[in-house]
Every structure is written in structure tokens, then in C-alpha cells.
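Below are the chains, spelled out letter by letter.
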Amino acid sequence: MTATIRDTYYRDRLDRLWTAATTDRAPGAPTVISTFAGMGGSTLGYLAAGYREILAAEHHPHAAECLRLNFGTDVRTGDIAALEPAANPLRPGELTVLDGSPPCQGFSTSGLRRLDDPRNHLWRQYARLAEAWKPRALIMENVPPLGSSPVFGLLAAELHRIGYRTRAAILPATLFGAATDRRRFILVGIREDLDAEPSHPHPTARPVTMREALAALPDDPGPEAPPIPARFLGLVRMITPGSDGSAALAARGGRKAYWSVKRMDWDRPGRAITSSFRRGTSGFIHPDANRYLTIAELCRLQSVPDAYAWPEGTTYRDAHNRIGNSVPPLLMHAVAAHVRDLVT
């Protein structure tokens, strides 16, 4: 059946996001530097909001190649502790926004939540660069548990010391147009000499269902998904829409075990995509078919436009992990546009 205009409004919105992100920058456009930039979820949101990205810092080689391929970004790889303030060609105070998404594995509820995880302290590198560059605004994105962790108090105190008023909030991506049930901690900081107070955008959209999100998919599904191992297929068939493998085992009288294969539901937003994919024991299953979601389908849920390209040789696991580690671009677009209006 041919998709109607009504069916394709979500796809069309993502197409417009991509068009806005890839047009020439206006003279005097606000500027951004992205740290811990990943595959570019934040970059896409900033570019679509009219920013010019000066450079990005990203440790993972594959993620860095994704940034270069899609956005032509000047990407600095390697340990962020080695990134010198001189990498920014602007003078202190000229940068509009310093963006950062430090690794969240030490706080995430899907991980071990080890407070001694060394990645929990990478925010200090973000603060180091903020102190040197003195941007007009700071935006930091992370998992919701960061806001209730001991690290948050240290972070807020350090940003205050270097001259920023801050405010944090938990924003659900579903209320900013993305078809994923993903909530993110967003900290906004405003330099103390500016006549503006840190705040967050108000919700702009209703939740988008899987059915709406996957209308008129592109012909190319992306890097090929592996088949579900034969020994797990019987268990996969037991999983009802909106449920997971662990609950399916318990419902059949078995011992509830950690088996995190999850089946999507056509009439709800997609479940939050995680960065871990283990064939057979984790992953996201189509609402009807007994198969993993394609990369094109995962991108749609995360609000990554169909035009986003993957470097040659990218595997399903590579792309799945990049998507799971990214911020939904529609959410970051709303945040970026809101902060732009606060400080420019």
C-alpha cells in the first residue's frame, strides 16, 4: 500500500531536520563545539538549529568516522585530556555553546552503576575546556541517574566556580518529537555575566508510535542484522508486544532470568535503544516478525534521518552501539534552539 501524507509526517519531519542541518550556515551563526560527540546526534540537532560546529572531540574511531562522513566535521580523536584549548580558533568568550555528553556507563541503570568507574570523572575535562574557552552557554547531556549521584554535586559546584549558573532537568524524547521512550538528563549553564537564566524548552510534540515512525521506510535497511540463533527462536516467539524475554520465561512458569530481548509494540513509542547488543540474549525485536529491528528502523526510532550514512565496513553491532549511545537529534534540536534564543 502506498503511504499517505498523514502516514509519512514523521519521516518528512526527519527529512526537514536533515535539510536544515546540511544547508549553508547564515553569516554570524551561533557556534558550538561538541565533546564526547559520538555518531553526531547532538551535532545534527545543533546544525539543524542553525549553529556552525567549530570542531568535535570523539574518542571512538568508528564514531569519529561517522561524524566526518555525514557532517564534514573537524574531529579531534584520542584522549580528551590531550585536547588543548588552542584547538578552538575562537577567542575566549566568543564560542556560543560548549556541548558535552560524557560517557554514562557508570551511572546507567542498564550497567553496573559503579561510582568508581573512571569514566564518571570525564566531566572534569569538559569543565577544563569550559574554563578555558568561556562559552556563553554550556549544555551537558547524560542519563537521568546522574542527577541523583554524588558526582552531580561536584559537577555543579565546579561549573559555579568557573562562572556559570546552571539548571538541570530530565527531558523525555517522546515529548520533543522522537519515537523513542528515552529520557535524558540535560544541564544548561549560562555564563554569569550574561543577562539570562538557564532554562529548558517546553514539550513540543505528542508521542509518536512505532507504526507512525516506521511508515515509508527506505529500501536500504542498513548494515545487515544477524539472524536470531535457532536455539532462541522458540523463546522469542513467546515474547508479546511491549514485553521482554525475562517476563516471557516467568509467564511460562520458568525461573525469571536476565534475558533482555525486547519486542516493540506498534501502538507505543519505541523502547529506549541501549548500546549493548548481544546476539541471542539482548536486542530489539520487530512487533510482528521474529527478527531484530533493522538499523534503518532503529534510526527512525532515535529520530536519525534516513539520509544518515554509515562508513564502509560498518557492522550491525557497530551501528546499533552508535545509535544506543547517541542523544535523539530531535530532542537536542529543541534544546539547542532554546539555548540559542537565550544567549544570542
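The preceding data block contains the structure.
Computed from a predicted model, the values in this text were never measured in an experiment.

S.K.: How do you make sense of the overall build of the chain when you look at a structure like this?
M.R.: A count of helical and extended segments in the chain gives 11 helices and 11 strands. By principal-axis analysis of the C-alpha atoms, the chain measures approximately 60 × 45 × 35 Å. Sorting the 344 residues of the chain into buried and exposed places 53% on the buried side. A fraction of 70% describes how many contacts in the chain between residues 6 or more apart in sequence connect residues 24 or more apart.

S.K.: Looking at this structure, how should I read the pairing of strand β1 (residues 31–35)?
M.R.: Within a regular strand, side chains alternate between the sheet's two faces. Where burial is concerned, most of β1 is hidden: 5 out of the 5 residues are buried. Pairing analysis gives 5 bridges linking β1 to strand β2 (residues 52–57), with the strands arranged parallel. By the bridge assignment, Ser-34 is partnered in β2 with Ala-56. Following the backbone out of β1, through helix α2 (residues 41–48) and into the adjacent parallel β2, one traces a crossover that is right-handed. Taken together, the 4 bridges between β1 and strand β4 (residues 97–100) define a ladder with parallel strand orientation. Bridging across to β4, Val-32 finds its partner in Val-97.

S.K.: Just to check I follow, could you spell out the sheet that holds β2 for this structure?
M.R.: Working definition: the strands of a sheet are paired by backbone hydrogen bonds and lie parallel or antiparallel to each other. Sheet architecture is open: 7 strands sit in the order β3-β2-β1-β4-β5-β8-β6, paired in mixed fashion. With partners counted over all chains shown, the strands left at the sheet margins are β3 (75–76) and β6 (164–172), one partner each. Contacting β1, β4, β5 (137–142) and β6, helix α4 (residues 123–133) runs over the sheet at an angle of about 175 degrees to β4.

S.K.: Can you help me understand unusual backbone geometry in this one?
M.R.: What you tend to see is this: most non-glycine residues have negative phi, and most peptide bonds are trans. Of note in the backbone geometry, Lys-134 takes a positive phi value of approximately 50 degrees without being a glycine. In this structure, Lys-134 sits in the loop between α4 and β5.

S.K.: What is the right way to look at the environment of Asp-195 in this model?
M.R.: Tracing the chain through its elements places Asp-195 in the loop between β8 (183–191) and α6 (210–213). Along the sequence, Asp-195 and Arg-184 sit 11 residues apart, while their C-alpha atoms lie 27 Å from each other.

S.K.: What should I look at first to understand the pattern of salt bridges in this one?
M.R.: Summed over the entire model, instances satisfying the criterion amount to 16 salt bridges. The salt bridge involving Glu-141 is made with Arg-184; its shortest N-O contact spans 2.6 Å. Of this pair, Glu-141 sits in strand β5 while Arg-184 is found in strand β8, placing the two residues 43 residues apart along the sequence. Take Glu-141: its relative accessible area is 3%, and that puts it in the buried class.

S.K.: How should I be thinking about helix α5 (residues 150–161) in this particular structure?
M.R.: Helical geometry: 3.6 residues make up each α-helical turn, so side chains three or four residues apart lie on a common side. Taking 1.5 Å of rise per residue, 12 residues should cover 16 Å, and α5 covers 17 Å from first to last C-alpha, within 8% of that figure. Those residues of α5 lying buried are Val-151, Leu-155 and Leu-159. The arc that holds every buried residue of α5, seen down its axis, measures 65 degrees, which confines them to one face. For α5, the exposed residues set more than 90 degrees away from the buried face come down to Pro-150, His-160 and Arg-161. Residues of α5 that are buried sit in contact with α4, β5, β6 and β8. In the stretch just after α5, Gly-163 is the one whose phi turns positive, near 110 degrees.

Reading guide: rules and limits
- Residues numbered from 1 in each chain as written.
- Predicted model: local features only at pLDDT ≥ 70, side-chain atom pairs only at ≥ 80, totals over all residues.
- Heavy atoms only, no water.
- Helix = DSSP H or I, 4+ residues; strand = E, 2+ residues; numbered from the N terminus.
- Buried < 20%, exposed > 50% of the residue type's maximum accessible area, 1.4 Å probe, protein only.
- Contact = heavy atoms within 4.5 Å.
- Pairing = 2+ DSSP bridges.
- Right-handed = clockwise from strand over helix to strand, strands pointing away.
- Axes fitted to C-alpha atoms, helices over the stretch in contact; angles between N-to-C directions.
- Salt bridge = Lys/Arg side-chain N within 4 Å of Asp/Glu carboxyl O.
- Expected span 1.5 Å × (residues − 1).
- Arc of directions from axis to C-beta.

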